[in-house]
Amino acid sequence: MSTQTQISATTVREITDWLYMEAGLLDAGRYREWLDLVAEDLSYIAPLRVTREREAVTDVVEGMTHMDDDADSMEMRVLRLETEYAWAEDPPSRSRHFVTNVQVAPGDSEDEFEVTSNLLLYRTRGDVATYDVLSGERKDVLRRAGDGFRLAKRVVLLDQTTVMTHNLALIM
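Computed from a predicted model, the values in this text were never measured in an experiment.

J.: Looking at this model, I keep getting lost on the overall build of the protein chain. Mind explaining?
T.: Assigned secondary structure in the protein chain consists of three helices and six strands. Listing each helix as α and each strand as β along the protein chain from the N terminus yields α-α-β-β-α-β-β-β-β. A total of 172 residues make up the protein chain; the buried ones form 41% of that total. Taking the intrachain contacts of the protein chain between residues at least 6 apart in sequence as the baseline, contacts between residues at least 24 apart amount to 60%. Total accessible area on the protein chain stands at roughly 10000 Å², and carbon and sulfur atoms take up 50% of it.

Given below as structure tokens:
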């Protein structure tokens, strides 16, 4: 993150509130409304991670992802969830997004902000006693648009190298 300019406490609060509102929409399954928060040039990536030695430059596998979407493919995900063919989410999962440790820095342009946060995602499906817990770090670029923000970029770095969840149909 860039640190050349101080971000006001008001802006940090607005961004934190935006992240909480986004989490609420996702937990309520209001994906169509969530799409309204997405920039037209969205890049949404959850790269595959591996365990490497301490000296390794990165633990991200180049070119391999759990998710690699843009605004159009996210629209297609939502359209599919609205049909009878979304078997992976029928019945719908119950989820809870816990967003913490929000840090905000200036972005590449005056109207953009680099936002890092921690995510804990809890999901249960149907009436079974099992559940999924995913944790990780999100690196977002939020762009000021009108009276709010739009998600321009999200990189989700899951802490797990092997994701045991039934599917990743959820938006993280």
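J.: Would you take a moment to explain the packing of aromatic side chains for this structure?
T.: Ring pairs (aromatic) are described by centroid distance and by the angle formed between their planes. Evaluated as defined, the whole model comprises two aromatic pairs. Judged by centre distance (6.1 Å) and plane angle (80°), the ring pair of F113 and F149 falls under edge-to-face. Of this pair, F113 sits in strand β4 (residues 112-124) while F149 is found in strand β6 (residues 148-158), placing the two residues 36 residues apart along the sequence. Accessibility assignment for this pair places F113 and F149 in one class, buried.

J.: What is the right way to look at the nonpolar core in this model?
T.: Soluble, globular proteins show a tendency: their nonpolar side chains are buried together. Counting 34 residues, the largest nonpolar core has I15, W34, Y44, M74 and M172 as the members making the most contacts within it. Residue assignment for this core shows that the elements contributing at least two residues are α1 (9-27), α2 (31-35), β1 (38-49), α3 (71-81), β3 (94-106), β4, β5 (131-145) and β6. In terms of residues, this core owes the most to one element, α1, which gives six residues.

J.: Please clarify how the pattern of salt bridges should be interpreted in this entry.
T.: Pairing between side chains of opposite charge can happen when the charged atoms of each approach one another. Evaluated as defined, the whole model comprises 14 salt bridges. Notably, a salt bridge pairs D17 with R13, separated by 3.0 Å at the nearest N-O pair. One end of the pair is D17 and the other is R13, both in helix α1 and four residues apart, which spans about a single turn. Take D17: its relative accessible area is 33%, and that puts it in the partly exposed class. The partner of R138 in a salt bridge is E22, and the shortest N-O contact between them spans 4.0 Å. Within this pair, whereas R138 is found in strand β5, its partner E22 is found in helix α1, the two being separated by 116 residues in sequence. Residue E22 is classed as buried on the basis of its relative accessible area, which comes to 0%. Among the charged side chains, a network of salt bridges with common partners joins E22, R138, D140 and R154.

J.: I'm lost on α3 in this one. Help?
T.: Working note: α-helix, 3.6 residues per turn, so residues spaced by three or four point in the same direction. Within α3, burial applies to A71, M74 and V78. Along α3, the residues classed as buried sweep out an arc of 65° about the axis, all on the same side. Seen from the buried face of α3, the exposed residues on the opposite side, beyond 90 degrees, are D72 and M76. Structurally, the start of α3 carries an N-cap: the backbone nitrogen of D72 is 3.1 Å from a side-chain oxygen of D70.

J.: What am I meant to see in the confidence of the model for the protein chain here?
T.: Detail in the predicted coordinates should be disregarded across regions flagged by low pLDDT. Per-residue confidence for the protein chain gives a mean pLDDT of 86, with 84% of residues at or over 70. Looking at the elements of the protein chain, mean pLDDT is at its lowest for strand β2 (residues 60-70), recorded as 78, and at its highest for α1, recorded as 97.

J.: Would you mind showing me how to read empty space enclosed by the protein here?
T.: Any empty space left between atoms is shown by rolling a water-sized probe over those atoms. Here the structure, examined in full by the defined rule, presents one cavity of 30 Å³ or more. Volume-wise, the largest cavity comes out at about 30 Å³. What lines the largest cavity is simply L121, R123, D132, L134, T165 and L170. Secondary structure elements with two or more residues in the lining of the largest cavity: β4 and β5. Among the residues forming the lining of the largest cavity, the class breakdown is three nonpolar, one polar and two charged.

Rules and cut-offs
Residues numbered from 1 in each chain as written. Predicted model: local features only at pLDDT ≥ 70, side-chain atom pairs only at ≥ 80, totals over all residues. Heavy atoms only, no water. Helix = DSSP H or I, 4+ residues; strand = E, 2+ residues; numbered from the N terminus. Buried < 20%, exposed > 50% of the residue type's maximum accessible area, 1.4 Å probe, protein only. Contact = heavy atoms within 4.5 Å. Areas by Shrake-Rupley, 256 points an atom, 1.4 Å probe, with all protein chains shown as cover. Phe/Tyr/Trp six-rings, centres within 6.5 Å; stacked < 30°, edge-to-face > 60°. Core = buried A, V, L, I, M, F, W, Y, C linked by side-chain atoms within 4.5 Å. Salt bridge = Lys/Arg side-chain N within 4 Å of Asp/Glu carboxyl O. Arc of directions from axis to C-beta. Polar contact = N/O pair within 3.5 Å; in protein donor to acceptor, adjacent residues only side chain to side chain. pLDDT = per-residue confidence, 0-100. 1 Å grid on protein atoms, 1.4 Å probe; cavity = no way out; pocket = protein on both sides within 12 Å on 5 of 7 lines; lining within 4 Å. Points joined across faces, edges and corners; volume = space filled by probe spheres on them. Nonpolar A, V, L, I, M, F, W, Y, C, P; charged D, E, K, R; others polar.

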